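Here is how the chains run, residue by residue.
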Amino acid sequence: MNQLDFGIVIERWDELLHGVALTLALSTAGIVCSLIIGVIGVAMHRTKNPLLQAPVIAFVELIRNTPFLIQLFFLFFALPLLGVRLNPTITAIIALAINGGAYSIEIIRGGVESIPRGQIEAGAALGLSSTQIFRDIVLIPALRAIYPALSSQFILLTLTSSVCSSISASELTHFAQRIESETFRSFEVYFTITGLYLLISWLIMTALSSIGRRHFSYPN
Amino acid sequence: MQNTSPLNTASMSVSENETLIELKNINKWFGGFHALKDISLTVNKGERIVLCGPSGSGKSTLIRCINHLEAIKDGTITVAGKEMANDAKSIDSIRREVGMVFQSFNLFPHLKIIDNCSLALRRVKGMQRDEAEVIARKYLDRVHILEQADKYPAQLSGGQQQRVAIARALCMEPKVMLFDEPTSALDPEMVKEVLDTMIGLAQDGMTMICVTHEMGFARKVANRVLFMADGQVLEEAAPDEFFSAPKHERAKAFLGEILAHN
Ligand SMILES: Nc1ncnc2c1ncn2[C@@H]1O[C@H](COP(=O)(O)OP(=O)(O)O)[C@@H](O)[C@H]1O
Ligand SMILES: [Mg+2]
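Not measured: the values here are computed from a predicted model.

## What to know about the interface of chain B and chain A
Item 1. Contact residues are listed per partner, giving 24 residues for chain B and 20 residues for chain A.
Item 2. On the chain B side of the interface with chain A, the three residues burying the most area are Phe108, His110 and Arg123 of chain B, jointly 29% of the side's total.
Item 3. Taken together, the links from chain B to chain A amount to 2 salt bridges.
Item 4. Salt-bridge contacts for Arg64 of chain B lead to Glu121 of chain A; the nearest nitrogen and oxygen are separated by 2.7 Å.
Item 5. There are 6 residue pairs in polar contact (both at pLDDT 80 or more) connecting chain B and chain A.

## Here's the deal with the confidence of the model for chain B
Item 1. Put simply, chain B has an average pLDDT of 93, and 94% of its residues get 70 or more.
Item 2. Across the assembled chains, the prediction reports ipTM 0.92 with pTM 0.91.

## Here's the deal with the packing of aromatic side chains
Item 1. Evaluated as defined, the whole model comprises 9 aromatic pairs over all chains.
Item 2. By the ring-pair criterion, three or more aromatic residues cluster together here, those being Phe227, Phe242, Phe243 and Phe254 of chain B.
Item 3. A cation sits over an aromatic face here: Arg178 of chain A above Phe175 of chain A, 4.8 Å from the ring centre.
Item 4. In this structure, Arg168 of chain B is placed above the aromatic ring of Phe108 of chain B, and the distance from its NZ or CZ to the ring centre is 4.4 Å.

## Section: the UniProt feature "transmembrane region" (unreviewed entry) in chain A
All names here are of chain A.
Item 1. Under the feature "transmembrane region" (unreviewed entry), the UniProt entry names residues 20-44, 65-84, 90-108 and 189-208.
Item 2. Along residues 90-108, the helical share is 100% and the strand share 0%, with 25 Å between the first and last C-alpha atoms.
Item 3. Segment residues 189-208 splits into 100% helix and 0% strand. End C-alpha atoms: 28 Å apart.

## Brief notes about the sheet that holds strand E7 (residues 176-180) of chain B
Residues and elements named next belong to chain B.
Item 1. Ordered by their spatial adjacency, 6 strands build an open sheet running E6-E7-E8-E3-E9-E10, and the pairing between neighbours is mixed. The open sheet is flanked by strand E6 (98-101) and strand E10 (232-237), the only strands paired with a single partner. Taken over all neighbouring pairs, the strand axes of this sheet differ in orientation by 20 degrees on average, direction set aside.
Item 2. Across the sheet, helix H5 (residues 158-171) lies against E6 and E7, angled at about 170 degrees from E6, the strand it touches most.

## So, the site of ligand 1
Residue and element names in this part refer to chain B.
Item 1. As a structural note, the neighbourhood of ligand 1 is formed by Phe30, Phe33, Pro54, Ser55, Gly56, Ser57, Gly58, Lys59, Ser60 and Thr61.
Item 2. Measuring from an oxygen atom of ligand 1, one finds a side-chain N or O atom of Ser60 at 2.7 Å.
Item 3. At 2.5 Å from an oxygen atom of ligand 1 is found a side-chain nitrogen or oxygen belonging to Thr61.
Item 4. Isolated, ligand 1 exposes 560 Å² of accessible area, and the fraction of that covered by the protein chains is 60%.
Item 5. Examining the composition of the shell around ligand 1, we find that 3 residues originate from one element, helix H1 (residues 59-66), more than from any other.
Item 6. Residue composition of the shell around ligand 1, by class: 3 nonpolar, 6 polar and 1 charged.

## Regarding a nonpolar patch on the surface
Item 1. Where nonpolar side chains cluster on the molecular surface, the patch consists of Leu82, Val84, Leu86 and Ile90 of chain A and spans about 340 Å² of accessible area.
Item 2. The partly exposed category is assigned to Val84 of chain A, whose relative accessible area is 36%.

## A word on the state of the cysteines
Item 1. Enumeration over the complete set of coordinates arrives at 0 disulfides over all chains.
Item 2. Not part of a disulfide, Cys164 of chain A finds its nearest cysteine sulfur in Cys33 of chain A, a span of 13 Å.
Item 3. Look at Cys164 of chain A and you get buried, because its relative accessible area is 0%.
Item 4. With no disulfide of its own, Cys117 of chain B lies closest to Cys171 of chain B among cysteine sulfurs, the gap being 4.6 Å.

Each value, and the rule that gives it
Throughout, residues of each chain are indexed from 1 in the direction in which the sequence is written. As a convention, the first chain written is A and the first ligand written is 1, with the rest following in written order. Reporting in this predicted model follows two pLDDT cut-offs: at least 70 for local features of residues, and 80 or more for side-chain atom pairs to be given and counted; totals over whole chains, interfaces and linings ignore these cut-offs and use all residues. To obtain the side-chain values, all non-hydrogen atoms of the structure were used and water was disregarded. What makes two residues a contact is simply this: any of their non-hydrogen atoms within 4.5 Å. The buried area of a pairing is the accessible area, by a 1.4 Å probe, that goes missing from both parts when the two are put together, added over both. Whenever Lys or Arg places a side-chain nitrogen within 4 Å of a carboxyl oxygen from Asp or Glu, that contact is recorded as a salt bridge. Polar contacts here mean pairs of N or O atoms no more than 3.5 Å apart (in protein, one a potential hydrogen donor and the other a potential acceptor; neighbouring residues in sequence count only if both atoms are side-chain atoms). The predictor attaches a confidence to each residue, called pLDDT, with possible values from 0 through 100. Note on aromatic pairs: the rings of Phe, Tyr and Trp (six-membered ring only in Trp) are paired at centre separations within 6.5 Å, and the planes decide the class, stacked below 30 degrees, edge-to-face beyond 60, tilted for the rest. Lysine NZ or arginine CZ positioned within 6 Å of the ring centre and within 35 degrees of the ring normal marks a charge as sitting over the ring. UniProt positions are given in the numbering used here, feature names are shortened, and annotations may be inferred rather than shown by experiment. Secondary structure is summarised from DSSP: a helix means a run of H or I of at least four residues, a strand means a run of E of at least two, and numbering begins at the N terminus for each. For two strands to pair, DSSP has to find at least two bridges joining them. Between the N-to-C directions of two axes lies an angle of 0 to 180 degrees, each axis being a line fitted to C-alpha atoms and, for a helix, fitted only over the stretch in contact. Any residue with a non-hydrogen atom lying within 4 Å of a molecule or strand is treated as near it. Reported accessibility uses the Shrake-Rupley method at a 1.4 Å probe radius. Residues are deemed covered only where the shown protein chains occlude them. Charged residues are taken to be Asp, Glu, Lys and Arg, nonpolar residues to be Ala, Val, Leu, Ile, Met, Phe, Trp, Tyr, Cys and Pro, and polar residues to be all remaining types, Gly included. Note that patches include only residues with greater than 30% relative accessible area and no salt bridge, and the join distances are 9 Å for like charges and 5 Å for nonpolar side chains (Val, Leu, Ile, Met, Phe, Trp, Tyr). For each residue, the accessible area found with a 1.4 Å probe, counting protein chains only, is set against the maximum for its type, and the residue is called buried under 20%, exposed over 50%, and partly exposed in between. Note on terminology: disulfide denotes any pair of cysteine sulfur atoms within 2.5 Å.

This is how it looks when you write it as structure tokens:
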């Protein structure tokens, strides 16, 4: 074991690339769902209706003040007790969406609060409903204002997806653990997946900035 | 600035008997602060009212009550025969009749000029995009800014943005236009293009309530000047009368200050 031997990594390269693809898919699903949860959560919070606001506040507090691993285990072990049987990967997506969604609510809410009141009043004066004002007037400038923070949060979500190996979700870390336990080449395997996670982050970052350029780059 | 002879086009006649806006005994409080004190005002179709007075006197608050950007505590507001109630339906039906232009333009920064103008037509009037754009182009042309239709607000000068804001309000074909210091945020060289647009509107017979300190505009366009201070209308007069012989001490002091700064 003193000699480094990357032969084993090259031998199982297919498996590692498959892991990369699965982690990309898992993270993308988590990001899309957390964005949806974030936007819906903020829309509910904005209504100033306590029946809609209170669950959002409770949700954000609960998720932001408990560890992701525990949330993951909770879903994985509690849902079956309720008769809901999901495979580990679907459970992982739900956990990432819920966790990322809570942070997204906080971030997007900051963006919404940064929108000048006059914008909203102009919409109201034109006769738009508050839902239309949120969707057509507030949302895009709000997302633009916090897009860098939201992007960092999504990169964090991507990296956090490795925790999902602990419920055997199909993703890169889980595959790496399997290769390691079969070959005992710990350093080589983890050295390699470190590089692969860098690649994954870079890919997600590139995708996020191209979306940013396309949808949030109007002149300001 | 502009010439100050009053407009005398036939189309500017006021229908004395068609009331468009009626405010009766309006009271508005901000917490413990009494911002509007028992204000009553009737505006007939085709009338052009200029509202002036010191900062903090309640001018913005008064016009913002007319389209329910501010809710009043008591009093009644009737616009185009519809009495304002505190429900969304009544507020919406009144907002359809009232256009508003703000000091800070408030264009939507993420939408092109054409979309700024067509958004409400599509969302509120349920028009298809192409139908809405025909109307949007018509009003952009009317404020002489059609060639900027595909730009974003930040690419326009302040004066151009304010003209777009006027076009955006006109697209909804309101019966009355409210202006809240539309030229106060503009560089001096851009004031004229906006005032000229407003004068054009007046010539076409639009009913208008303008909060402004542009006396040239008031003299040329207004039927009546209202002077407000401390949440009350202290003086109401024809523009020539108001500017040459203000009666109230506060109005004299106010005009003195305005003249000193011009
Ligand atoms: N949203 C608000 N909350 C509390 N006070 C307000 C609010 N809006 C306006 N006021 C107060 O009401 C008074 C009238 O304001 P405003 O109508 O904006 O005056 P003007 O337009 O004549 O300068 C001011 O004293 C202002 O501070
Ligand atoms: Mg004001």
